[in-house]
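# A closer look at the structure
Here are the chains, one letter per residue:
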Amino acid sequence: MIDSSIIGVKNLKDEDNIGDFFNRFYKSDIARNFGVYRLSLHVFREEIQKHIVEHGLSALFYNTITCDEIMHSGLHADEIEAIVLRRVVS
């Protein structure tokens, strides 16, 4: 069975971009054992919106999305909601 997961990649230096990541990845030994691909957020946007309509926004926090940005312990529910809506709507 082939195991797949969705991961995020974020550049930590202003001079780097996602192209740099892919170039470095495919030059490394790890590329022999792992396939890496890029999916636009547009691929998931409609499904996420549909899920919110059917199950409510709070369903995202309990079992489908975990993200450092929204899991910060200092955020209130309304701040988390604004972050998620900004991601889904934009």
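Placed above this text is the structure.
Residues numbered from 1 in each chain as written. Predicted model: local features only at pLDDT ≥ 70, side-chain atom pairs only at ≥ 80, totals over all residues. Heavy atoms only, no water.

### Overview of the overall build of the chain
Our working definition: Helical segments are the DSSP runs of H or I of at least four residues, strand segments are the runs of E of at least two, and each set is numbered from the N terminus. Between buried and exposed lies partly exposed: a residue is buried under 20% and exposed over 50% of the maximum accessible area for its type, with that area taken using a 1.4 Å probe on protein chains only. Should any heavy atoms of two residues lie within 4.5 Å, those residues are considered in contact. For every accessible area listed, the method is Shrake-Rupley and the probe measures 1.4 Å; residues are considered covered only by the protein chains on display.
For the chain, the count of helices and strands is five helices and zero strands. Its helices and strands in sequence order give the chain the pattern α-α-α-α-α, from N to C terminus. Counting the 90 residues in the chain, one finds 14% classified as buried. Of the contacts made within the chain by residues no fewer than 6 positions apart, 28% connect residues no fewer than 24 positions apart. By element, 55% of the accessible surface of the chain is carried by carbon and sulfur atoms, the whole surface being about 8000 Å².

### A few points about the side chain of Asp16
Within the secondary structure, Asp16 is located in the segment before helix H1 (18-27). A relative accessible area of 16% places Asp16 in the buried class. Excluding residues within four positions of it along the chain, Asp16 makes contact with Asn11 and Arg24.

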